[in-house]
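This is what each chain is made of:
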Amino acid sequence: MRCIFCLHERPPSVEHVFPLAIGGRLTIGRVCKSCNSMLGSRVDAALSDFLPIRQRRAELRLAGNGQVSPLPFDMLLGVLTLAGQPERRVETKYAPTTGKLDHRLLHHAANVVLPDGKKVRQISIDARNKDQIPKIIQRERKRH
Ligand SMILES: [Zn+2]
């Protein structure tokens with residue numbers, strides 16, 4: 001088979017004309033595996049991960065090759081740093097029970113010199129994570 005992209009004689013692969021991730025069912029067998037892979041990672045991924053399309057995929061529960069449909073807002077999830085305070089990190093999770101995003105300030109530890117000259121380790125955490133204080137202190141003790 002002569003690939004319609006690279007024009008080399010290579011074995012065909014199943015190419016979705018429109019990405020499976022956006023519901024594409026039409027396939028052709030005129031693209032080699034190498035070109036299909038390149039199209040999937042560059043073109044299809046950019047299209048299916050574009051935020052408005054990703055939101056619609058979540059609404060329609062379109063899975064794609066990964067077999068799992070994206071969650072609403074999952075591109076906004078994860079750990080980010082605060083602007084102007086790069087040492088402070090905020091974790092955002094999706095709460096399926098409420099359908100809302102949950103933002104939590106991750107614990108932060110820093111060496112602080114008190115007015116009397118005493119050096120201490122200061123730890124700050126999100127109040128909702130107070131049940132994790134013993135674990136966080138134990139971890140900080142091991143590190144320092
Ligand atoms: Zn090719």
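Just above, that's the structure.
As a starting point, this report considers the structure included with it. Note that the structure is a prediction, hence the values are computed from the model and not measured. (Residues numbered from 1 in each chain as written. Predicted model: local features only at pLDDT ≥ 70, side-chain atom pairs only at ≥ 80, totals over all residues. Heavy atoms only, no water.)

1. Side note on helix α2 (residues 51–60)
Then, number 1: Taken together, the buried positions of α2 are R54, R57 and A58. When α2 is viewed along its axis, its buried side chains cluster within an angular range of 100 degrees and face the same direction.
Then, number 2: Buried residues in α2 make contact with α1 (33–48).
Then, number 3: Downstream of α2 by a residue or two, R61 has a phi angle that is positive, lying close to 55 degrees. (Buried < 20%, exposed > 50% of the residue type's maximum accessible area, 1.4 Å probe, protein only. Helix = DSSP H or I, 4+ residues; strand = E, 2+ residues; numbered from the N terminus. Arc of directions from axis to C-beta. Contact = heavy atoms within 4.5 Å.)

2. So, the pairing of strand β6 (residues 108–113)
Here is the key point about a regular strand: its side chains alternate between the two faces of the sheet.
Then, number 1: Here 6 bridges tie β6 to strand β7 (residues 119–124), and the two strands are oriented antiparallel to one another. Opposite H108, over in β7, you have S124 as the bridge partner.
Then, number 2: As consecutive antiparallel partners, β6 and β7 are separated by 5 residues, and within that stretch G117 has a phi angle of approximately 90 degrees, a positive value. (Pairing = 2+ DSSP bridges.)

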